[in-house]
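Below are the chains, spelled out letter by letter.
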Amino acid sequence: MDETMLEDQRRLVELVESEGWDVTDLEISAYDSPWADEDDPEATVTITARKPYESEGGDDGDEDGDDDENPFRLK
């Protein structure tokens, strides 16, 4: 794996984390492109991150604080 690819991956993680996200999983894949005639390798970075958002309603996540009448919601 090329050190430049790893540096780019670290920079992407820093950018995501600087926006308040918690990175929970990270994967980098390096390969030779089957679509290009060049010999330069390519990389794909997959970042999984989570970010909690506060609800604007009651403690149960209901926006207006009223009981939810959705018959499919567990109570």
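Before reading further, recall that the structure is shown in the block above.
Residues numbered from 1 in each chain as written. Predicted model: local features only at pLDDT ≥ 70, side-chain atom pairs only at ≥ 80, totals over all residues. Heavy atoms only, no water.

Undergrad: Run through helix 1 (residues 3-18), naming residues and quoting values.
TA: Residues lying three or four places apart along an α-helix face the same way, a consequence of the helix completing one turn every 3.6 residues. For helix 1, built from 16 residues, the straight-helix expectation of 22 Å at 1.5 Å per residue is met to within 8% by its first-to-last C-alpha distance of 22 Å. All buried positions along helix 1 are accounted for by Met5, Gln9 and Val13. Down the axis of helix 1, the sector holding all buried residues measures 80 degrees, keeping them to one side. Seen from the open side of helix 1, the exposed residues pointing more than 90 degrees away from its buried face are Glu14, Leu15 and Ser18. The N-cap residue of helix 1 is Asp2: its side-chain oxygen and the backbone nitrogen of Thr4 are 2.7 Å apart. Trailing helix 1 by a residue or two, Gly20 shows a phi angle of about 95 degrees, which is positive. (Helix = DSSP H or I, 4+ residues; strand = E, 2+ residues; numbered from the N terminus. Expected span 1.5 Å × (residues − 1). Buried < 20%, exposed > 50% of the residue type's maximum accessible area, 1.4 Å probe, protein only. Arc of directions from axis to C-beta. Polar contact = N/O pair within 3.5 Å; in protein donor to acceptor, adjacent residues only side chain to side chain.)

Undergrad: Explain the environment of Thr44 residue by residue, including any values.
TA: Its place among the elements puts Thr44 in strand 2 (residues 41-50). A relative accessible area of 35% means that Thr44 is categorised as partly exposed. The residues touching Thr44, leaving out its near neighbours within four places in the chain, are Glu27, Ile28, Ser29 and Tyr31. For Thr44, the side chain forms a polar contact with the side chain of Tyr31, separated by 3.0 Å. (Contact = heavy atoms within 4.5 Å.)

Undergrad: I'd like a description of the pattern of salt bridges, backed by residues and values.
TA: Enumeration according to the criterion identifies three salt bridges in this entry. Of the charged contacts, one joins Asp8 and Arg11 as a salt bridge, the two residues approaching to 2.9 Å between their closest N and O atoms. Of this pair, Asp8 and Arg11 both sit in helix 1, three residues apart, which is roughly one turn of that helix. Classification of Asp8 as partly exposed rests on a relative accessible area of 31%. One salt bridge in this structure joins Asp22 and Arg50, with 3.5 Å as the shortest N-O distance. (Salt bridge = Lys/Arg side-chain N within 4 Å of Asp/Glu carboxyl O.)

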